[in-house]
Amino acid sequence: MENTRNQVSTKNPTLLQSEELHEYILKTGVYPREPNPLKELRIATANHPMAFMGIAPDAGQLMTMLLKLVNPKNAIEIGVFTGYSLLLTALTIPDYGKITAIDKNRKAYEIGLPIIKKAGVEHKIDFTESPALPILDKLLENVDIQDIEFILFLSKFQALEIGSCASCCGLQPEKEGSFDFAFVDADKNNYWNYHKRLMKLVKIGGMVIYDNTLWGGSVALREEDVPEAKREWRQCAIEFNKLISADPRVEMSQVPLGDGITICRRVC
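For the structure given in this document, a descriptive report is provided here. Model, not experiment: these values are computed from the prediction.

### Looking at the overall build of the chain
Here comes step 1: A tally of helices and strands in the chain yields 10 helices and seven strands.
Here comes step 2: By the burial criterion, 47% of the 268 residues in the chain qualify as buried.
Here comes step 3: Long-range pairs, those at least 24 residues apart, make up 68% of the contacts in the chain between residues at least 6 apart in sequence.

Okay, here's the thing in C-alpha cells:
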C-alpha cells in the first residue's frame, strides 16, 4: 500500500453511489451515537496519510451491535492501524474480556493508544507487533501471548525459527477454539490463510468479520476499469470471496457498508 498512497483517496471508500447519501447516514445515524473515545480517535486519525485504512464508522457501528449479540470474552484482531475497531471492541466486551491484537507496525497504533488509555480499556488489550501468521500458528498451540513475545525477541538474537524457539522453551500445545470473535483488516493476499487458522482458533458459534471484501465496489468491475494501483488487492478480494462463499464451515453475509465487510459465523 505504501507505493500507492498518492494514488488513492484518504477517505474510506463507500459503495453508495451518492456521497451526499453517505454523509446523510453518517450525520443522522452514526456520528450522533458514536462514543466520545471513538470520535476522538476518528478525528486523530483523519490527518494520517493512510487514514482510509481504518474501518468505516458505519461498519463499526454494525460491528458494535454484533459484538453485543455475541458477547465475546476472548477476541482477536488482525490488523490494528490506529485502533478504531480495537477500541470499539474493547469498549463493548466485558471488563474481564481480552483482545489479542496483532499488527506488524506499532507506530500507527500509538496514535490511538493515549485515547485507549484515557478510555480505561487498555487492560483488555494484548498488543503484539509482528506479522500475523506466525502468531496465529503459535496461538493454535495455545502458547501464552507473553511467551510468544519472548519467542519473537529470542529469535531475533539467535537466528532461530519461531517454531524451534518454542520447542527449546518447552512450550506445549493445548486446545483450540479459544476465541469467540475475530476481526480482520490486514493484508488482503493473506485473508484465506488467516481464515484457515481462525476456523480453528474461533469456537463453533463464534464470529469472524473481514473488512474491505468488496474493495470499493471494484470486485464487480472489469479489470481495465479499475485503477492499476487497486488491481492486485481487488483480485485478492475476488479470490477470497469465492473461497469463503463455498466454505461449509461458516454461515456468511456480505454487507455493503464502507468498503464491504463479510460476516461469518462458524458452524462446524
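### A look at the packing of aromatic side chains
Here comes step 1: What the rule picks out here adds up to six aromatic pairs.
Here comes step 2: A network of ring pairs unites the aromatic residues Tyr191, Trp192, Tyr210 and Phe240 as a single cluster.

### Points about the sheet that holds strand S7 (residues 261-266)
Here comes step 1: Sheet architecture is open: seven strands sit in the order S3-S2-S1-S4-S5-S7-S6, paired in mixed fashion. Lying at the two open borders of the sheet, with one neighbouring strand each, are strand S3 (125-129) and strand S6 (250-255). Strand-to-strand twist across the sheet, computed as the mean angle between neighbouring axes with direction ignored, equals 15°.
Here comes step 2: Strand direction decides the pairing type here: strand S1 (residues 74-78) and strand S4 (residues 179-184), joined by four bridges, are parallel. Bridging from a neighbouring strand, alanine 75 pairs with phenylalanine 181 of S4.
Here comes step 3: The sheet strands contacting helix H9 (residues 191-201) are S1, S4, strand S5 (202-211), S6 and S7, and the helix crosses S5 at an angle near 160°.

### What about the pairing of S1?
Here comes step 1: Counting buried positions over the five residues of S1 gives four, a clear majority of the element.
Here comes step 2: As judged from the five bridges shared by S1 and strand S2 (residues 98-103), these two strands associate in the parallel manner. For isoleucine 76, the partnering residue across the bridge sits in S2 and is threonine 100.
Here comes step 3: Regarding the hand of the β-α-β motif, the stretch spanning S1, helix H4 (residues 84-92) and S2 is right-handed.

### Brief notes about a nonpolar patch on the surface
Here comes step 1: On the surface, Leu16, Leu21, Tyr24 and Ile25 cluster together into a nonpolar patch covering about 350 Å² of accessible area.
Here comes step 2: Relative to the helices and strands, isoleucine 25 is located in helix H1 (residues 19-30).

### Some words on the pattern of salt bridges
Here comes step 1: With the rule as written, the count across this model stands at 11 salt bridges.
Here comes step 2: In this structure, arginine 197 and aspartate 137 form a salt bridge, with 2.7 Å as the shortest nitrogen-oxygen distance. Within this pair, whereas arginine 197 is found in helix H9, its partner aspartate 137 is found in helix H6 (residues 132-139), the two being separated by 60 residues in sequence.
Here comes step 3: Residue classification places aspartate 137 among the partly exposed residues on the basis of a relative accessible area of 31%.
Here comes step 4: A salt bridge links arginine 265 to glutamate 251; its shortest N-O distance comes to 3.3 Å. A residue pair is termed long-range when its members are at least 10 positions apart, and arginine 265 in strand S7 and glutamate 251 in strand S6 qualify at 14 residues.
Here comes step 5: For glutamate 251, a relative accessible area of 46% puts it in the partly exposed group.
Here comes step 6: Salt bridges linked by common partners bring Arg222, Glu224 and Asp225 together as one network.

### What about unusual backbone geometry?
Of all residues except glycine, most have a negative phi; of all peptide bonds, most are trans.
Here comes step 1: At asparagine 71, a residue that is not glycine, the phi angle is positive and equals roughly 55°.
Here comes step 2: With respect to the secondary-structure elements, asparagine 71 resides in the loop between helix H3 (57-70) and S1.
Here comes step 3: The backbone of asparagine 212 sits at a positive phi, close to 70°, despite the residue not being glycine.
Here comes step 4: The exposure class of asparagine 212 is buried, given its relative accessible area of 8%.

### Brief notes about the packing of H6 against H9
Here comes step 1: At their nearest, the axes of H6 and H9 sit 10 Å apart, and the two run at 20° to each other. Here H6 is positioned roughly parallel relative to H9, judged by the angle of their axes. Note on packing geometry: the crossing formed by H6 with H9 is left-handed. Contacts from Ala132, Leu133, Leu136, Asp137 and Leu139 of H6 reach H9 at Asn193, Tyr194, Arg197 and Leu201.
Here comes step 2: A per-class count over the contact of H6 with H9 returns six nonpolar, one polar and two charged.

### Describing the environment of isoleucine 25
Here comes step 1: Residue isoleucine 25 is classed as partly exposed on the basis of its relative accessible area of 33%.
Here comes step 2: Expressed as a C-alpha distance, the spacing of isoleucine 25 and aspartate 58, which sit 33 residues apart in the sequence, is 8.1 Å.
Here comes step 3: If we skip the residues at most four places from it in the chain, isoleucine 25 touches Leu16 and Val30.

What counts and how
Residues numbered from 1 in each chain as written. Predicted model: local features only at pLDDT ≥ 70, side-chain atom pairs only at ≥ 80, totals over all residues. Heavy atoms only, no water. Helix = DSSP H or I, 4+ residues; strand = E, 2+ residues; numbered from the N terminus. Buried < 20%, exposed > 50% of the residue type's maximum accessible area, 1.4 Å probe, protein only. Contact = heavy atoms within 4.5 Å. Phe/Tyr/Trp six-rings, centres within 6.5 Å; stacked < 30°, edge-to-face > 60°. Pairing = 2+ DSSP bridges. Axes fitted to C-alpha atoms, helices over the stretch in contact; angles between N-to-C directions. Right-handed = clockwise from strand over helix to strand, strands pointing away. Patch = residues over 30% accessible without salt bridge, like charges linked within 9 Å, V, L, I, M, F, W, Y side chains within 5 Å. Areas by Shrake-Rupley, 256 points an atom, 1.4 Å probe, with all protein chains shown as cover. Salt bridge = Lys/Arg side-chain N within 4 Å of Asp/Glu carboxyl O. Parallel < 35°, antiparallel > 145°, perpendicular 65-115°, else oblique. Left-handed = near helix turned anticlockwise from the far one by under 90°. Nonpolar A, V, L, I, M, F, W, Y, C, P; charged D, E, K, R; others polar.

By themselves, these figures tell us nothing about what the structure is for.
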